[in-house]
Amino acid sequence: MKYIWAPWRIEYIRSKKPAGCILCALPAEDKDKGNYILFRGKKNFIMMNSYPYNPGHLLVAPYRHTSDLEELTAAERNEHFELVSRCIRVLKETFKPGGFNIGANIGKVAGAGIEDHFHSHIVPRWLGDTNFVTVLPDIRVVPQALAETYDTLKDKF
Ligand SMILES: [Zn+2]
């Protein structure tokens, strides 16, 4: 297993987390662009991760607050994975990654940052995205600006 070196995530790790659940709070607001919400389905939504492991790192979450995949209804779960699949298609078309990591961290011990609200991660991968920084330690991996990525992706969903 190779880990992505993503130093900008330290800001997230150090930041004070807002009270309450952001996966409930952000879709309840009426500012999808500011919140990087790319698409709203009937039961789930697609959002960019503000502290991405890679440019184009997306999240899919149900609107309903539950930590458990098995608690989702069939309709919620079907749409959830339909949207995961749509994320892959859009990212393939737009950024031509070499591959993807898709997954969910369920429970704190599994690395969940938002452990109370189930969500899936879609992380596009490019050959060498983990490695060259260790060879050339002065180069910082700077993700494509989030707002720019948002504008690139928004109309494709
Ligand atoms: Zn929630």
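Residues numbered from 1 in each chain as written. Predicted model: local features only at pLDDT ≥ 70, side-chain atom pairs only at ≥ 80, totals over all residues. Heavy atoms only, no water.

**Quick notes on the pairing of strand β5 (residues 120-125)**
Where burial is concerned, most of β5 is hidden: 6 out of the 6 residues are buried. Residues Ser-120, Ile-122 and Pro-124 of β5 are buried on one face, and the alternating residues His-121, Val-123 and Arg-125, pointing to the opposite face, are buried as well. With 3 bridges connecting them, strand β3 (residues 58-62) and β5 associate as antiparallel partners. Within β5, the residue paired with Leu-58 across the bridge is Ile-122. Inspection of the sheet shows strand β4 (residues 99-103) paired to β5 by 5 bridges, in the antiparallel sense. Bridge pairing links Asn-101 to Val-123 in β5. (Buried < 20%, exposed > 50% of the residue type's maximum accessible area, 1.4 Å probe, protein only. Helix = DSSP H or I, 4+ residues; strand = E, 2+ residues; numbered from the N terminus. Pairing = 2+ DSSP bridges.)

**A look at the pattern of salt bridges**
Counted by the stated rule, this structure contains 6 salt bridges. Note that Arg-64 and Glu-76 form a salt bridge whose closest N and O atoms lie 2.7 Å from each other. On the criterion of sequence distance, the pair formed by Arg-64 in the loop between β3 and α3 (74-95) and Glu-76 in helix α3 is long-range, its members being 12 residues apart. The exposure class assigned to Arg-64 is partly exposed, which follows from its relative accessible area of 35%. Using a relative accessible area of 7% as the deciding quantity, one classes Glu-76 as buried. (Salt bridge = Lys/Arg side-chain N within 4 Å of Asp/Glu carboxyl O.)

**Considerations on the confidence of the model for the protein**
Residues with a pLDDT of 70 or more make up 78% of the protein, whose mean pLDDT is 84. For the protein, helix α4 (residues 132-135) is the element with the lowest average pLDDT, namely 42, and strand β1 (residues 37-40) is the one with the highest, namely 98. Note on residues 132-143: pLDDT is under 50 here. Beyond four places in sequence and across chains, it has 13 contacts. (pLDDT = per-residue confidence, 0-100. Contact = heavy atoms within 4.5 Å.)

**Looking at the side chain of Asn-44**
Along the chain, Asn-44 turns up in strand β2 (residues 44-48). Accessibility expressed as a relative area gives 0% for Asn-44, which makes it buried. One polar contact links Asn-44 to His-80, side chain to side chain, over a distance of 3.0 Å. In this structure Asn-44 touches Val-60, Ala-61, Pro-62, Tyr-63, Glu-76, Glu-79, His-80 and Leu-83, once residues within four positions along its chain are discounted. (Polar contact = N/O pair within 3.5 Å; in protein donor to acceptor, adjacent residues only side chain to side chain.)

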